[in-house]
Structure formats: structure tokens, C-alpha cells
Amino acid sequence: MGENRRSDLGDWDSALHRARTHAPFLARALERMPDLAALLAAGEGTAALAWARAQGDNPDVEAALRRERLALAAALAVGDLAGAFPLGQVVGELTAFADRALDRAIRTAILERTGADRAEGLIALALGKQGAGELNYSSDIDPILLFDRERLARRASDDPGEAAQRYARRVVALLAGNTADGYALRVDLRLRPASEVSPLAVPVGAALTHYQGQALAWERAAFIRARAAAGDIAAGEAFLDEIRPFVWRSQLDFGAIEEISALTHRIRDSHEGPPLPGPGFDVKRGRGGIREIEFYAQTHQLIHGGRDASLRVRGTRPALDALADAQWITRENAAVLGEAYDRLRQIEHRLQMVHDRQTHTLPEGEALDNVARLDGLADGAALVAELTALTARTARIYEELIGRPQAAPAPVPLPASALTPQLARWGFADPDALAERIESWRDGRFAAIRSPQAVEAWDRLAPALIEAIAQSDDPMRAVTRWERIIENVPSAITTFRLLDARPDLTRRLVAALTLAPVLSDELARKPELLDTLIDRDALDLPGEVAQITARMRAAAVREDYEALLDAIRIVTGEIRFALGIQLIEGLADPLAIAHALSRTAEAALRLATEATVEEFAAKHGRIAGSELLILGLGRLGGGALTHASDLDIVYLFTGDFAAQSDGARPLGATIYYNRLASRVSAALSVPTAQGALYEVDTRLRPQGNQGPLAVSCEAFGKYQREAAWTWEHMALARARVLHGSPQARAQLEAVLAEVLHAPRDRAALRDAVLGMRAEMAKHKPQAGPVDAKLARGGLVDIEFLVHYLQLKGETADGRPLAEAAPAALSPDLEQALGSLAAAGLLPQDLAAPHALMSRMLVAGRLLAPDGREPPPSGARALARACGHDSYAALLDAFAAARQSVGAAWKQILGTDILPAQQET
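This text gives an overview of the structure that appears in the document. Note that the structure is predicted; figures quoted are calculated from it, not measured.

What counts, and where the lines are drawn
Residues numbered from 1 in each chain as written. Predicted model: local features only at pLDDT ≥ 70, side-chain atom pairs only at ≥ 80, totals over all residues. Heavy atoms only, no water. Helix = DSSP H or I, 4+ residues; strand = E, 2+ residues; numbered from the N terminus. Buried < 20%, exposed > 50% of the residue type's maximum accessible area, 1.4 Å probe, protein only. Contact = heavy atoms within 4.5 Å. Areas by Shrake-Rupley, 256 points an atom, 1.4 Å probe, with all protein chains shown as cover. Lys, Arg positive; Asp, Glu negative; His and termini not counted. Charge placed at Lys NZ, Arg CZ, Asp CG, Glu CD. Phe/Tyr/Trp six-rings, centres within 6.5 Å; stacked < 30°, edge-to-face > 60°. Lys NZ or Arg CZ within 6 Å of the ring centre and 35° of its normal. Pairing = 2+ DSSP bridges. Axes fitted to C-alpha atoms, helices over the stretch in contact; angles between N-to-C directions. Parallel < 35°, antiparallel > 145°, perpendicular 65-115°, else oblique. Left-handed = near helix turned anticlockwise from the far one by under 90°. Nonpolar A, V, L, I, M, F, W, Y, C, P; charged D, E, K, R; others polar. Arc of directions from axis to C-beta.

**Structural notes on the overall build of the protein**
Regarding its fold elements, the protein presents 41 helices and 11 strands. Across its three principal directions, the C-alpha atoms of the protein cover 105 × 75 × 60 Å. Here the protein, with 920 residues, has 55% of them falling under the buried criterion. When contacts within the protein are restricted to residue pairs at least 6 apart in sequence, long-range pairs at least 24 apart make up 72% of them. As displayed, the protein has an accessible area near 38,000 Å², and 51% of this comes from carbon and sulfur atoms. For the protein, the separation between the mean place of its 103 positive charges and that of its 121 negative charges on side chains is 2 Å.

**Focus: the packing of aromatic side chains**
Tallied over the full model, the rule gives 12 aromatic pairs. With a centroid separation of 5.5 Å and an interplanar angle of 50 degrees, the aromatic rings of Trp-458 and Phe-496 are classed as tilted. Of this pair, Trp-458 sits in helix 21 (residues 452-470) while Phe-496 sits in helix 23 (residues 493-501), and the two are 38 residues apart along the sequence. Here Trp-458 and Phe-496 have matching classes, each one buried. When the ring of Phe-616 is compared with that of Tyr-672, the centres are 4.9 Å apart and the planes differ by 80 degrees; the resulting orientation is edge-to-face. Of this pair, Phe-616 sits in helix 28 (residues 590-620) while Tyr-672 is found in helix 30 (residues 669-685), placing the two residues 56 residues apart along the sequence. An identical accessibility class is assigned to Phe-616 and Tyr-672; each is buried. Connected via pairs of aromatic rings, a cluster forms that spans Tyr-211, Phe-223, Phe-239 and Phe-246. It is Arg-792 that lies over the ring of Trp-905; its NZ or CZ is 5.7 Å from the centre. Over the aromatic face of Phe-894 sits the side chain of Arg-898, whose NZ or CZ is 5.5 Å from the ring centroid.

**Structural notes on the environment of Ala-116**
Relative to the helices and strands, Ala-116 resides in the loop between helix 6 (87-114) and strand 1 (122-126). Its relative accessible area of 25% is what places Ala-116 among the partly exposed residues. Taking the C-alpha atoms as reference points, Ala-116 and Arg-154, separated by 38 residues in sequence, lie 9.4 Å from one another. With sequence-adjacent residues up to four places away left out, Ala-116 is seen in contact with Ile-110 and Leu-111.

**A few points about the sheet that holds strand 6 (residues 227-231)**
With mixed pairing, 4 strands are arranged side by side in an open sheet as 5-3-1-6. The open sheet has two edge strands, strand 5 (201-203) and strand 6, and neither has a second partner. In this sheet, neighbouring strand axes are inclined to one another by 35 degrees on average, regardless of whether the strands run parallel or antiparallel. Where strand 1 and strand 3 (residues 144-147) come together, 4 bridges link them in antiparallel fashion. What sits directly across from Leu-125, in strand 3, is Ile-144. Each of strand 1, strand 3 and strand 6 touches helix 11 (residues 233-242); the most contacted strand, strand 6, lies at about 155 degrees to it.

**Remarks on the packing of helix 21 against helix 23**
Two elements in contact, helix 21 and helix 23, have axes separated by 9 Å at closest approach and are oriented at 25 degrees. On the basis of their axis angle, the class for helix 21 and helix 23 is roughly parallel. Our pair here, helix 21 against helix 23, has a crossing hand that is left-handed. Facing Gln-453, Ala-454, Ala-457, Trp-458, Arg-460 and Leu-461 of helix 21, the residues of helix 23 in contact are Ile-493, Phe-496, Arg-497, Leu-499 and Asp-500. Its residues placed into classes, the contact of helix 21 with helix 23 shows 7 nonpolar, 1 polar and 3 charged.

**Brief notes about the side chain of Arg-350**
With respect to the helices and strands, the residue Arg-350 is situated in helix 16 (residues 331-355). Not counting the four nearest positions on each side in its chain, Arg-350 is found in contact with Asp-80, Leu-81, Val-371, Leu-374 and Asp-375.

**As for the environment of Thr-532**
Structurally, Thr-532 is set in the loop between helix 25 (517-525) and helix 26 (545-555). The sequence separation of Thr-532 and Glu-574 amounts to 42 residues, and the corresponding C-alpha distance is 6.3 Å. The residues touching Thr-532, leaving out its near neighbours within four places in the chain, are Arg-307, Ala-538, Glu-574 and Phe-577.

**What about helix 25?**
Turning to helix 25, its buried residues number three or more, namely Leu-519, Ser-520, Leu-523 and Ala-524. The arc that holds every buried residue of helix 25, seen down its axis, measures 145 degrees, which confines them to one face. On its buried face, helix 25 sits against helix 22 (475-488), helix 24 (503-515), helix 27 (561-584) and helix 38 (847-863).

**Section: the pairing of strand 1**
Note on strand geometry: in a regular strand, side chains alternate between the two faces of the sheet. Burial runs high along strand 1: 5 of the 5 residues are buried. Residues Leu-122, Ala-124 and Ala-126 line one face of strand 1 and the alternating positions Ile-123 and Leu-125 line the opposite face, and both faces are buried. Sheet topology places strand 1 next to strand 6; 4 bridges connect them, and they run antiparallel. The residue bridging Ala-126 from the neighbouring strand is Arg-227, located in strand 6.

So, in C-alpha cells, the structure goes:
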């Protein structure tokens, strides 16, 4: 149905009557604009808005802006009262006008000075309700004016700073000055950096310096809603991109959250109006009012938005919806707050419609009845009753977030002499020495605990943390590793506050310190990894490769190569750390963790390769009909990594090796792809500001370290057919193409299939397999009792059996394995084992030993990294991760599993691999 049909757009007669009766401002506006009044009386809302916008076509800028503003205010008010224009449309139209007016004022100021209609170098950032697209009838606007000294449009003789201030003063006058037509917009420039001392228009460089090092928490909250609204919009968007890390911090700042909470309490305490709805109640600043709902959304955005890009929205209702969608707040709270916000904004509009004043306060007596009747209610009592119920609900939700200021005094640190008895009660072996050691931490020994704020934060945390350490199985190991963390970081205030706010994280920290040196070493380098554990999905397995890749892209603070490499390292480190915590706490199956680690590595490889290819092509161009391929081998090819795994990869390329690239600095194909492969390896392995990523191992390429880093697919196939050793073909049995177009992948997979399915001399193959395994056992013996990889009857023997049967390539009745059981050739050992067993080539009972020992390997890389017997706490965690009640039960199961593998080895290859006493 058409928008202009009166019957579809609400009660226009009632709206006009209420506007004329109860809102003198609207009554005067309608009398002054009879054409507009006629359109509204006819219910032609869309036409009325178009008429209002057309009032801005006057060449007299001041008159045009004021007349357009008046017409829009009247048209939107009546449409709002009629129920024809929803709140979103009303505030959207008002915001769009403010953007247009601000941009026109900027261009006019520059035009008057230079004679040119341009806006280069002068930026207007919209904050507050304008930035969020939520302006109300009588809002002022809170822009920040910035200028670029090099690009600012000005006379050649003008100093850029002086010109910018001249433009700023003129913009304010054009918008806010009172003329015969009234004003266009009230302008408040006090949100600019250091407003008490800075000029009206601030240089971009000075603003960057301020936000990157001197800004306060409330400024972060304000910039959640910032938008480049007028003037040089492209430059404004670039500026906002530059300060995005200031607004959306990946590391939680509980100090900032405390400041937001304190700001709310100060507002409440300083507010002179009544605490409950009634005459004098402020619907914006009062308890449960508009500002508290906005703060509720913004506080959650500040906490989680740095890690969850879905929360980076400007409007209050969109923010509440996004928080509910991401499960940071409940759907019920989002609905209560959202509906209350809309209704409070409507009431705010009614208050402002009466006299076009920027008021948020309920009046008294007949004036309160008048506002209520303008809204369509019976009287002021009905309005107060509605507001009382509404604000009670919203205030209760908000207070659950911020609480009330605590009256408890700051913690009083205990001297070493007083701490000693407590440490003795907690069971520490040498409490006197430990008390002196702990006291030294806060006496300036470590930079992390030197500032007064850091000392106070540590004093709050210390009792709970030390007690948790005391309850661990290896307290002194935990103390030493904790000491390494605070020794290696310049500041730990945020870490202390985070642990104090989340006791469950303290328990996980102690587990990491006690059980897993790999995790404690990571924490020592990057304490902010603890932040990852408060994410809603921190203890869930990561998604598929595409989801992890998207998360890495979203984490980049800028759209450039170095920022992307940093983001890959940040996200990879977060995922690996979270998976480590899941493992040592027994929250996920180690097999699932192995697959998740592999997906993470594949995402990192895919993204780093794509970015490096583009970066390289920018200098050297591309080679037509040719591309880079990456082949994953080993555990990466099999899709099951551990925390200690390298990335075993081989670089290949398609096309003519004699071809040349088409860039400004062309290269022949062989040199091109060898340099590109080297760059990809560096992208994956060289430390950046965010640390290292993976060790990359390319020794499985043709001719190993003696050969080129990248070879053509044709040369690779020729080498594998004519010169490769049996062990190289065994390695290819776990090969998987990780990077390349579908056509190139198919080409390489055909080469792999040809090599793996080639007929072989069975006796020679058996002799080669036995010789290789014997040589490996000689040079790489079992390291300890839980070394499930190298122990005879362990994982390496299972892998050799599987690869032997894959290369043998036949079923028991002589049919080609590729046709009879194609899944038996999968690089995924678990899948290959099942298929080989189903084909009668392996005993059915090998799947369970393989699963047990795979779990031991994955968990052991954290809990017993050298394969030796872990300490008691680690032994229990290892047993739990592998599905056993005790370490002894795990060792028994491991021994039985090795027996099964030894029996299969003897059955298939005809030799004993376990000592005689283990076979009985």
C-alpha cells in the first residue's frame, strides 16, 4: 500500500489537534507554513517530508538551514504524534538534516574565504546522538572539528591553523546564530581533545597524539558512536581507522570500566532532581533514564567490542540487539532496555515539542498534564505511573552491571612477619623465605608493581591468588612461574584487576602455572592472553577454517600487510592458549583439540599466504597461467597438530618454469616462486611485534635442504617418480593441498595419486620400511614412560604400518586399494585406519590404541613435553585428558595398546618390535 494513503498512516487529525492545543511551538510552525499543514491534514506524510526538505534550497544559507529545520521539526512531530513515523525514522531524518547542515556550513565557510565549493582537509566527526543517528527534536550537536595542515582548503597567504579557526567560528555562527528565522542547530565543541586549552578546530596530528596516549575512559565511550559526518569525510574515516585501537582494545581495561561506573555514580550523586519520576524528574539523567541505558550498552561494548567486532555498532538499540545476539546480555534484558529506551526517547521528544527547548525534565502541575495529553495520555499522573514502572525495570538492570560504590577500605598489605603465619597455615614448606620473597615483589623489585595503582591492585589480588597457589599440587613451581610473568611485563595493573574481578580465572591461571610450562611461558610473554578466557566462547572449540580466518581479518587494527600478520599472531596465540586451558582442565577431547589446532594453523597459513602473494605481486607482478601451491605434510597434512608441532610444507608452482612475471620488477618463474615461498615462510615464522607464529619445516621438499625452496609441479612429479626414496613416498601419504585454486589443486592431486598408486616391489617396500623404522629407533629412542610417539608399539609404528599398506596399494584379494577402499588412502590416519581395518588389512582393534596414544601425544606436549613422567598434578591431568581415572591406569592402558600394535606389526611385517617380556 502507498505511504501517502491516509488510512494507513495513523491518526493525523488527532495529532494535529494535539499539536495545536498542547505545543505552542508546533502551533506557530503550522500557522506559518499552511502548505505543510495542508499536506499533514491530508495524511500525506512522505510528501510533507519532501516539502520540508525543499525549504533548504534557498541560496541564502542561513535562511535555508533554519527554514528546513523548522519544517522538518513540524512535519516529523505531527507524523510522530500520529503514529505514522516510527522513532527510527524520526531520529534518522533529524540526524540526516544535521549532517547536511554541518556539511553545508563547512563548505560555505570555505567558499566565502576561497571562492571554491570544497571541503578538503576540514573534518567534522559526529559524536553523541548525531554520531549514533539518534538526534532528537532539540538536540545540540557535538562535533569534533579537525584539520589537516597540508590539505586544508585556504588562501595561499593564510596560515592553516588560523584558517581552520576562522572556518570553525563561521560554522558555529551559520548553524547556531539566532536570526529572524531562529536557529538551525545548537553546536557544542567541548568534546574535542583537551577542550579547555585547545583551539576550536584541532590539528589531526595533535588529535592522534591525544587519543593514542592521553585520552580518558569517557572519551573511549564517546568514540563508540563517532562517525565522519561532514566536510572531508574520507579523511575523517581514515582518522577513525587510525584511532580504532584506542576505542576497541583487544586487551581488557578494567580500570576504564571502573571509570565508567564511577562516572555514573557521580552523575547520580550530583543530580539534583528527584530520584523517582514526578515533577522535576530528568528522563535523560535520572535513575533508569536514557543515559543509563546508553551507558549500559556502551560499557558492554567497551568490555567486549575489542574482541567481538559484531558489537561495533553506533546506535543504542542496534548495540543492545548485537549484545543479545552475541550472548553477552540476555534477550530479556535487551528487550526491556530497548523498549524502555524507545519510550523514553518519545517522552523526551514530547517535552521538547512544546516550546522547542532542550529540556528533559518533567514539569509541574498543568504543564505536566499538558505534556501527557500531547502524548495522548489522560493526564500527568498516567505519565508518571508509566515512567515509574519503566525506570524501575531499567535501573535494576543497570545496577546489576555497575553495582554501588564499595565502602570497604583499601586493602592493608601485611608485612612479611605477619604474612608468614598465614603462609604456614596454607601449607608452604618455608613460609619465612616465601614471605620475604612476596614482600620483595611489591617493594619495587619488579616494574609491574611499582606505581601506586599497581600496588593497590596487587594487594587486592594477592590473598586469593596465593591461597589458590597454595592449594595446587606444586605451589613453589607455580610461585616461580608467576614470578616470571610479573618480572617480564612492564605493567600488570590490568592483569591484576582482571584476576581480582574473575576468581575463576585465578584458578585457571594457577592450573597453567602448575601443569603446563608451555602455557606459563606464553603468559610470561603476553599476560593479556588471560583476557581471552572471559570471552563467551573461550572454552568452546574454534569454528571452521573460514570462521577462524574471518576472526583474524577482523582483529587487524589497520588494513595493511604488517597489521594483518600481527592479527594472525594475536588470534593464533589466543586460540592456542584457550585450547591449552581446555586440555589441562579436561574440558575437551585432545583429539578435538588436535583438529582445532590444525584448523587454526591452516587459517593462519591461508591468510598469510594470500596477503603475501598480493604484497609480492604489487612489486613483481604475476605470471600468467601460473600460481603458488602449498602442500601440507605430517600432522598438518593429517589435520591433527599438537601445541609443539611444526608446519611441514612443500612449495610448488604451476605453469612454465621459463615464464616471466609482468610487474615493474619482473622475475623468471623459478626465482619468482622461490622468493615468494621465502616470503610466505617469513610471514609464518618471523617474529613481529606480536611475537612468533610457527616453525616452518620445508625439508620434505625434493632433495631436502639441498634443493630449491619451490619447484614446478612437473619437476616435483618427475622427482617423485624417478628419484624419491620410499620414506619420501610415505611422507606423501599424509599430503594435503592447503593453498591453490581448484584447478591447480586438481593438477597436484593427480601427481600425488600417480606417485602413491604406482606399482611397487612388495619385498623391497617391506625391507625399506623395516630398515627405516630400525634406524629411527636407533637414533630416536623412547624418551620416557609416556612417550607415545617413539615408543615401540607406539604412534610411529602405527603410521609406518598404515603407510606401508597405502603404498602397497592392494587389498587382500589383489584389488587396487584406490578403487576398493579409497578412504584407506586418506591423509587422516584415523580415517585411513578405519578403512584399512574394514578392508581386512589391519586388525579391527587398532583404532582404540591409536586414539589413546594420539590423546597421550596431544596432552603430553603440554603436560609432559619431554615424554618423561610428569609431576603428580600433571600425571593426574594427563590421565584425565586420556579418559582414565589415574596415572597408573593410563600406563596400563598404554602398555596394552602397545601390545596390540606389536601384534599387528608382527602379523603384517613379520618381525617383533617389543621385548619378549612385554609380549607375554
